[in-house]
Amino acid sequence: MSDFAILHPVREVPVRGETVTVREMRWKDAVAFSERLSGMMGQFTEPDGGLSITPSKLGAVIARSGSLATELLERATGKEREFLDELRPVEVFELLAAAVEVNIHEDLLGKARGVGQALRTALGGQIKPPGDP
């Protein structure tokens, strides 16, 4: 595998007789998407930092996650909403799996944590990770 493939992961997904290319989002798109995703995941977090998933919370997140999933697919595939709206659920899930694999992976998250650690170090530890007193 070339360094280019590692730095710029791409997945090809057959959909409706064509091959849809799923790419890593541009950094500004990734930041905007992460902010929206973080906002939704916070609905499952309790004040003590624990997770609490209830049917009512899950229903509320699912009701709003359609737009989040569409946003991820639009940004990762470059396909228009009209194309995505016509897909069957199995096709959407295949594209979503590829988009998550390419855009939300441990290496990328590790780099983001590294930036956070660098900021904490630069600011003399004034920024504390969630859950720290």
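Structure's up top.
Fair warning: this is a prediction, and the values are worked out from it, not measured in the lab.

Student: Which parts of the structure should I look at to understand the environment of Lys 79?
Tutor: Here Lys 79 shows up in the loop between α3 (55-77) and α4 (81-85). Owing to a relative accessible area of 23%, Lys 79 belongs among the partly exposed residues under this scheme. Residues Lys 79 and Val 22, spaced 57 residues apart in sequence, show a C-alpha to C-alpha distance of 9.7 Å. Setting aside chain neighbours within four positions, we find Lys 79 in contact with Glu 18, Val 20, Glu 74 and Leu 84. A polar contact of 2.8 Å, which involves the side chain of Lys 79, links it to the side chain of Glu 18.

Student: I keep staring at the pattern of salt bridges and nothing clicks. Help me out?
Tutor: Pairing of side chains with opposite charge becomes possible as their charged atoms draw close. Counted by the stated rule, this structure contains seven salt bridges. Of the charged contacts, one joins Arg 11 and Glu 101 as a salt bridge, the two residues approaching to 2.8 Å between their closest N and O atoms. Placement of Arg 11 in strand β1 (residues 10-15) and of Glu 101 in helix α5 (residues 89-103) is noted, with a sequence separation of 90 residues between them. For Arg 11, a relative accessible area of 29% translates into the label partly exposed.

Student: Looking at this structure, I do not really get unusual backbone geometry. What am I missing?
Tutor: Although it is not a glycine, Arg 16 sits at a positive phi angle of roughly 50 degrees. Summarising the element assignment, Arg 16 is placed in the loop between β1 and β2 (18-23).

Student: Teacher, can you tell me more about the pairing of β1 here?
Tutor: The side chains of a regular strand alternate between the sheet's two faces. As paired strands, β1 and β2 are joined by six bridges and run antiparallel to one another. Each residue of the ladder has a partner; that of Val 10, found in β2, is Arg 23. The hairpin turn running from β1 into β2, its antiparallel successor, is two residues long, and Arg 16 in that turn takes a positive phi close to 50 degrees.

Student: When you look at a negative patch on the surface in this model, what are you seeing that I'm missing?
Tutor: Taken together, the side chains of Glu 80, Glu 82, Asp 85 and Glu 86 make up a negatively charged region of the molecular surface. Along the chain, Glu 82 turns up in helix α4. On the basis of relative accessible area, Glu 82 is assigned to the exposed category, the value being 55%.

The rules behind the values
- Residues numbered from 1 in each chain as written.
- Predicted model: local features only at pLDDT ≥ 70, side-chain atom pairs only at ≥ 80, totals over all residues.
- Heavy atoms only, no water.
- Helix = DSSP H or I, 4+ residues; strand = E, 2+ residues; numbered from the N terminus.
- Buried < 20%, exposed > 50% of the residue type's maximum accessible area, 1.4 Å probe, protein only.
- Contact = heavy atoms within 4.5 Å.
- Polar contact = N/O pair within 3.5 Å; in protein donor to acceptor, adjacent residues only side chain to side chain.
- Salt bridge = Lys/Arg side-chain N within 4 Å of Asp/Glu carboxyl O.
- Pairing = 2+ DSSP bridges.
- Patch = residues over 30% accessible without salt bridge, like charges linked within 9 Å, V, L, I, M, F, W, Y side chains within 5 Å.
- Areas by Shrake-Rupley, 256 points an atom, 1.4 Å probe, with all protein chains shown as cover.
- Lys, Arg positive; Asp, Glu negative; His and termini not counted.
- Charge placed at Lys NZ, Arg CZ, Asp CG, Glu CD.

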